[in-house]
Amino acid sequence: SEYDYVSFQSDIGAYQSGRFYTKPPQCVDIPADLRLCHNVGYKRMVLPNLLEHETMAEVKQQASSWVPLLNKNCHIGTQVFLCSLFAPVCLDRPIYPCRWLCEAVRDSCEPVMQFFGFYWPEMLKCDKFPEGDVCIAMTPPNATEASKPQGTTVCPPCDNELKSEAIIEHLCASEFALRMKIKEVKKENGDKKIVPKKKKPLKLGPIKKKELKKLVLYLKNGADCPCHQLDNLSHHFLIMGRKVKSQYLLTAIHKWDKKNKEFKTFMKKMKNHECPTFQSVFK
Amino acid sequence: SWWYMRATSGSSRVMCDNVPGLVSHQRQLCHRHPDVMRAIGLGVTEWTMECQHQFRQHRWNCNTLDRDHSLFGRVLLRSSRESAFVYAISSAGVVFAITRACSQGELKSCSCDPKKKGTAKDNKGTFDWGGCSDNIDYGIKFARAFVDAKERKGKDARALMNLHNNRAGRKAVKRFLKQECKCHGVSGSCTLRTCWLAMADFRKTGNYLWRKYNGAIQVVMNQDGTGFTVANKRFKKPTKNDLVYFENSPDYCIRDRDAGSLGTAGRVCNLTSRGMDSCEVMCCGRGYDTSHITRKTKCECKFHWCCAVRCQDCVEALDVHTCKAPKSPDWAAPT
């Protein structure tokens, strides 16, 4: 069979520590809409997972915000690492990611995350993960071709795939989204400061209505990296972002291009799409 | 005693009437709350295992007797440290078992802590109470009503000792009730946080009570018979968290049916240890036998993509030392 179950001394109890003694762990198919892990290379996962998400709805909601990072190709092992925790391999004991894999992914991806105002979160701290041989480090064979040389120095928030699905996912992972024109772009304290005009909100999130008028966006650490979208300011943009401390960070930028097929599909999909929300998961 | 409920986890009615030594209030509770009794009965196995874990290196190892109505035999008739520990861990075990069954939705009379709702604040900011907070107050209340009922019948010194140690056990569980939280923000950030109160693993309670066992305080009744005073004036007064006892323990070296001691003949001892499990101490100076055994273990396990863990079989040779029996055979011991 596809899976090779090795029996250990009944170690399944290790899954049941902490809060989660209420439900015995179960093995389920990785659903297609768990995009982070659907194609990771195995088909079944354990619930609750190793991040203590108890329901599939909770896993999906939490995993969705990591999909954009995957698209940044910061490390070849990112998906395997994240999925070993979000959608753990179904064996009769929990298998954690190897510490060295965690460290390698963290070292490559945290700088990229910082462009988006994120730090390596507590739940992924590498010193929790084991050293030794019983841990996940393997890269699925088909991922080798997906790894492309890291020659580009484009600002990560400007390095967006023009695919309707990717834009939708990004929209869900963002706190706010606006359609806007850009008045000017300035350098400030190592960031790019973006002054918009003619804003139309698609999703306001943390932005208060009265703040909208004087809204300024920042491309964090972006003073010196190229962002080709900003080369031509004559058209409209789709801008997504999040609030970090008191700053509004730009986390994705697209030309508002109605002639582009993918962008048109995105506009159509957006109308009926519902993002997995915190509320719907924890009601 | 209610400890016997371990052996009889059948339907509620049969169980209540078949447990010898329940006092009438316990029997009433038993009939009224069959689901709680089931939880308590399952809990007995758990706390006896914890007791055996804590005493694994001792001459008395918390062994249970299957057919004995008081589960541990005559050992606990003595008001010893060991009795103090067993009463404490058993009442702790009841609190733990009921509280957990509550959270799992198995009991009609209780649920997750209804007071833990809405938003609250701690040193990390605001959070939402969510999920299920362990309703330990219910567990404690029920445990007190049920377990202490027996001791409230008589007002003798032993009853007071048991009540004290029962309470210490209940308090020990609550000590390890901790707030746990989960972050729901994007990319693992903690902008949204839900928290709940959860009991720690029962091992923590076991370890804590074990420390209390080692520091247990010997007491005598005070003059008007209402409380304790320290037996040795140089020691501190017991607090509500301390375990108390009246009588020194026997040495548990030889089998003694009257005292309920099994003796240590045949027990495994540790040749390199200098503690209670050393062959010297465990075998009470009688010496030990050594046998060579081989053991198969899984070793050099590796994870293979995807998805299997493959191991080698390793053979390990080791010596096992067991205590010799006393020269004069057990059955010749005077009864």
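In every chain, residue numbers begin from 1 and rise along the written sequence. Lettering of chains starts at A and numbering of ligands starts at 1, both following the order in which they are written. Where local features are concerned, this predicted model is filtered to residues with pLDDT of at least 70; where side-chain atom pairs are given and counted, the filter is 80 or more; whole-chain, interface and lining totals use all residues. In computing side-chain properties, one takes all heavy atoms of the structure into account and sets aside hydrogens as well as water.

Brief notes about the overall build of chain B
Inference 1: Secondary structure elements follow DSSP: runs of H or I no shorter than four residues count as helices, runs of E no shorter than two count as strands, and numbering proceeds from the N terminus. Regarding its fold elements, chain B presents nine helices and 12 strands.
Inference 2: In terms of principal-axis extent, the alpha carbons of chain B reach across some 70 × 70 × 50 Å.
Inference 3: Buried residues in chain B amount to 46% of all 335 residues.
Inference 4: Here, two residues are considered to be in contact whenever any of their heavy atoms come within 4.5 Å of each other. A separation threshold of at least 6 residues defines the contact pool for chain B, and within that pool the share at least 24 residues apart is 63%.
Inference 5: None of His or the chain ends enter the tally, which takes Lys and Arg as positive and Asp and Glu as negative. All charge positions are set by atom: Lys at NZ, Arg at CZ, Asp at CG, Glu at CD. Here chain B holds 54 positive side-chain charges and 32 negative ones, and the gap between their average locations is 5 Å. Each residue is assigned to one of three classes by its accessible area relative to the maximum for its type, calculated with a 1.4 Å probe on protein chains only: buried under 20%, partly exposed between the two thresholds, exposed over 50%.

Focus: the state of the cysteines
All names here are of chain A.
Inference 1: Here, a disulfide means two cysteine sulfur atoms that sit within 2.5 Å of each other. One pass over the structure, following the stated rule, counts 19 disulfides over all chains.
Inference 2: Two residues share a disulfide in this structure: cysteine 98 and cysteine 135, whose sulfurs sit 1.9 Å from each other. Across the S-S bond of cysteine 98 and cysteine 135 the torsion is about 90°, and the bridge reads as right-handed. Here cysteine 98, found in the loop between α3 (78–86) and α4 (99–115), pairs with cysteine 135, found in the loop between α4 and α5 (143–146); they are 37 residues apart in sequence, far enough to count as distant. Cysteine 135 matches cysteine 98 in its accessibility class, with the two residues each being buried.

Overview of the sheet that holds strand β6 (residues 237–244) of chain A
Adjacent strands of a sheet pair through backbone hydrogen bonds, lying either parallel or antiparallel.
Residue and element names in this part refer to chain A.
Inference 1: Taking strand neighbours around the barrel as the criterion, the five strands line up as β3-β4-β5-β7-β6 in a closed arrangement whose pairing is mixed. In this sheet, neighbouring strand axes are inclined to one another by 50° on average, regardless of whether the strands run parallel or antiparallel.
Inference 2: Sheet analysis places strand β3 (residues 176–188) next to strand β4 (residues 191–203), joined by 10 bridges and oriented antiparallel. Following the sheet pairing, valine 185 is matched in β4 by isoleucine 194.
Inference 3: Helix-sheet contacts for helix α6 (residues 164–173) involve β3, β4, β6 and β7 (247–255), and the interaxial angle to β6 is about 30°. Paired strands are those between which DSSP finds at least two bridges. Fitted lines through C-alpha atoms give the axes, limited to the stretch in contact for helices. The angle between two N-to-C directions lies from 0 to 180 degrees.

As for the confidence of the model for chain A
All names here are of chain A.
Inference 1: Across the chain, each position has a pLDDT score giving the predictor's confidence in that residue, from 0 to 100. Mean pLDDT over chain A works out to 83, with 84% of the residues at or above the 70 mark.
Inference 2: The secondary-structure element of chain A with the lowest mean pLDDT is α5, recorded at 44, while α3 shows the highest, at 96.
Inference 3: In this model, residues 1–21 is a region of pLDDT below 50 whose contacts with residues beyond four sequence positions or in other chains number 55 contacts.
Inference 4: For residues 141–149, every residue scores under 50 in pLDDT, and the model assigns this stretch six contacts once sequence neighbours within four places are set aside.

A few points about the pattern of salt bridges
Inference 1: The rule for a salt bridge is simple: a side-chain nitrogen of Lys or Arg has to be within 4 Å of a carboxyl oxygen of Asp or Glu. Enumeration according to the criterion identifies 24 salt bridges over all chains in this entry.
Inference 2: A salt bridge links glutamate 169 of chain A to arginine 35 of chain A; the shortest N-O distance between them is 2.3 Å. Pair noted here: glutamate 169 of chain A is in helix α6 and arginine 35 of chain A is in the loop between β1 (26–29) and β2 (44–47), with a separation of 134 residues, a long-range link.
Inference 3: Aspartate 137 of chain B is the partner of lysine 174 of chain B in a salt bridge, and the nearest nitrogen-oxygen pair spans 3.0 Å. Here aspartate 137 of chain B lies in helix α5 (residues 136–147) and lysine 174 of chain B lies in helix α7 (residues 157–175), a separation of 37 residues in the sequence.
Inference 4: Since its relative accessible area comes to 39%, lysine 174 of chain B is described here as partly exposed.
Inference 5: By relative accessible area, which is 34% here, aspartate 137 of chain B ends up partly exposed.
Inference 6: One salt-bridge network, in which partners are shared between bridges, spans Glu54 and Glu58 of chain A together with Lys182 of chain B.

Some details on the side chain of serine 1 of chain B
All names here are of chain B.
Inference 1: Here serine 1 shows up in the segment before α1 (12–18).
Inference 2: Take serine 1: its relative accessible area is 15%, and that puts it in the buried class.
Inference 3: Excluding residues that lie within four positions of it along the chain, serine 1 makes contacts with Val19, Pro20, Gly21, Leu22, His69 and Lys150.

Some words on the sheet that holds strand β10 (residues 268–269) of chain B
Residue and element names in this part refer to chain B.
Inference 1: Reading across the sheet, the three strands line up as β10-β12-β11 and stay open at both edges, with antiparallel pairing between neighbours. The sheet is open, and its two edges are formed by β10 and β11 (288–304), each paired on a single side.
Inference 2: When β11 meets strand β12 (residues 308–323), the two strands line up antiparallel, connected through 15 bridges. In the sheet register, threonine 290 faces β12, and the bridge partner there is histidine 321.

Topic: a positive patch on the surface
Residue and element names in this part refer to chain B.
Inference 1: Exposure above 30% relative accessible area and the lack of any salt bridge qualify a residue for a patch; like charges then connect within 9 Å, and the nonpolar side chains Val, Leu, Ile, Met, Phe, Trp and Tyr within 5 Å. We get accessible surface area from the Shrake-Rupley algorithm with a probe of 1.4 Å; when it comes to residues, only the shown protein chains can shield them. Together, Lys171, Arg175, Lys178, Lys204, Arg211 and Lys240 make up a positively charged patch on the protein surface.
Inference 2: When residues of the positive patch are traced back to their parent elements, those giving at least two are α7 and α8 (202–214).
Inference 3: Relative to the elements of secondary structure, lysine 171 occurs in helix α7.
Inference 4: Classification of lysine 171 by relative accessible area gives partly exposed; the value is 34%.

Details of the confidence of the model for chain B
All names here are of chain B.
Inference 1: Here chain B shows a mean pLDDT of 90. Residues at 70 or above account for 95%.
Inference 2: Predicted confidence in chain B is weakest over α1, with a mean pLDDT of 67, and strongest over α8, with 98.
Inference 3: Across the assembled chains, the prediction reports ipTM 0.73 with pTM 0.79.

Topic: the environment of glycine 41 of chain B
Inference 1: If you trace the backbone, glycine 41 of chain B turns up in helix α3 (residues 34–54).
Inference 2: Dropping the residues within four chain positions of it, glycine 41 of chain B is found in contact with Met5 and Arg6 of chain B.

Observations regarding the nonpolar core
Inference 1: Judged by nonpolar contacts, the single largest core of 73 residues is most densely connected at Leu36 and Phe81 of chain A.
Inference 2: With seven residues, the top contributor of residues to this core is α4 of chain A.
Inference 3: The next biggest cluster of nonpolar side chains, apart from the first, holds 71 residues, and it includes Cys62, Ile140, Phe202 and Val219 of chain B. We define the nonpolar core as a collection of buried residues of types Ala, Val, Leu, Ile, Met, Phe, Trp, Tyr and Cys that are connected through side-chain atoms lying within 4.5 Å of one another.

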